[in-house]
Amino acid sequence: RVRQIAGVLSKLVGTTKVVVVDNLEFEGTPANGLYDPKSNTIKLDAETGINAHTILHEMTHAATAATLANKSHPLTKQLTALWGTESLRVRIRDI
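A brief look at the structure comes next. (Residues numbered from 1 in each chain as written. Predicted model: local features only at pLDDT ≥ 70, side-chain atom pairs only at ≥ 80, totals over all residues. Heavy atoms only, no water.)

## Considering the overall build of the protein
Per the secondary structure count, the protein includes 4 helices and 5 strands. Listed by position from the N terminus, the elements making up the protein come as α-β-β-β-β-β-α-α-α. The buried share of the protein, reckoned over its 95 residues, is 24%. Taking the intrachain contacts of the protein between residues at least 6 apart in sequence as the baseline, contacts between residues at least 24 apart amount to 41%. Carbon and sulfur atoms make up 60% of the accessible area of the protein, which totals about 7,000 Å². (Helix = DSSP H or I, 4+ residues; strand = E, 2+ residues; numbered from the N terminus. Buried < 20%, exposed > 50% of the residue type's maximum accessible area, 1.4 Å probe, protein only. Contact = heavy atoms within 4.5 Å. Areas by Shrake-Rupley, 256 points an atom, 1.4 Å probe, with all protein chains shown as cover.)

Structure (structure tokens):
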């Protein structure tokens, strides 16, 4: 099942780069992995990030970013329309 999910995600992430980093941190906190949308890079901690859970998690972030960057994608259009509704903005703001 992991192989199947990874196969689907690999088609969605496109040109996303993957790097392995010693002592990976995000805002001063140790992290197993992270996705940087500005550089389209997945960073994995050399000790704690090389596992199916972290890799699939970060690939999902990359796939989501790639989909949302495509303004003509049906999901992007739906989310854009939803975000434009006042009720959704109020609910998210209240979280």
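## Observations concerning helix α1 (residues 2-13)
With 12 residues, α1 ought to run about 16 Å at 1.5 Å a step, and its terminal C-alpha atoms sit 16 Å apart, in line with that. Immediately beyond the C-terminal end of α1, within one or two residues, lies Gly14, with a positive phi of roughly 60 degrees. (Expected span 1.5 Å × (residues − 1).)

## Points about the sheet that holds strand β1 (residues 17-21)
Spatial strand order, β1-β5-β4: 3 strands in an open sheet with mixed pairing. Each end of this open sheet is capped by a strand with a single partner; those strands are β1 and β4 (33-36). Between one strand axis and the next, the sheet turns by 20 degrees as a mean value, whatever way the strands run. Pairing of β1 with strand β5 (residues 41-45) involves 5 bridges; the strand directions are parallel. When the sheet's bridge partners are listed, Lys17 is paired in β5 with Thr41. (Pairing = 2+ DSSP bridges. Axes fitted to C-alpha atoms, helices over the stretch in contact; angles between N-to-C directions.)

## Looking at the packing of α1 against helix α2 (residues 52-69)
Packing of α1 against α2 leaves a shortest axis separation of 9 Å and a crossing angle of 30 degrees. In terms of axis orientation, α1 runs roughly parallel to α2. Like other packed secondary-structure pairs, α1 and α2 cross with a definite hand, here left-handed. In this structure, α1 uses Val2, Ile5, Ala6, Leu9, Ser10, Leu12 and Val13 to contact α2, whose residues at the interface are Ala52, Leu56, Met59, Thr60, Ala62, Ala63 and Ala66. Across the contact of α1 with α2, the residue classes tally to 12 nonpolar, 2 polar and no charged. (Parallel < 35°, antiparallel > 145°, perpendicular 65-115°, else oblique. Left-handed = near helix turned anticlockwise from the far one by under 90°. Nonpolar A, V, L, I, M, F, W, Y, C, P; charged D, E, K, R; others polar.)

## Quick notes on the pairing of β5
Sheet faces and side chains relate simply in a regular strand, where the side chains alternate between the two faces. In terms of residue burial, β5 counts as a mostly covered element, since 4 of its 5 residues are buried. Direction of pairing for β4 relative to β5: antiparallel, over a ladder of 4 bridges. By the bridge assignment, Leu34 is partnered in β5 with Lys43. Linking β4 to β5, which pair antiparallel, is a turn of 4 residues; within it Asn40 sits at a positive phi near 55 degrees.

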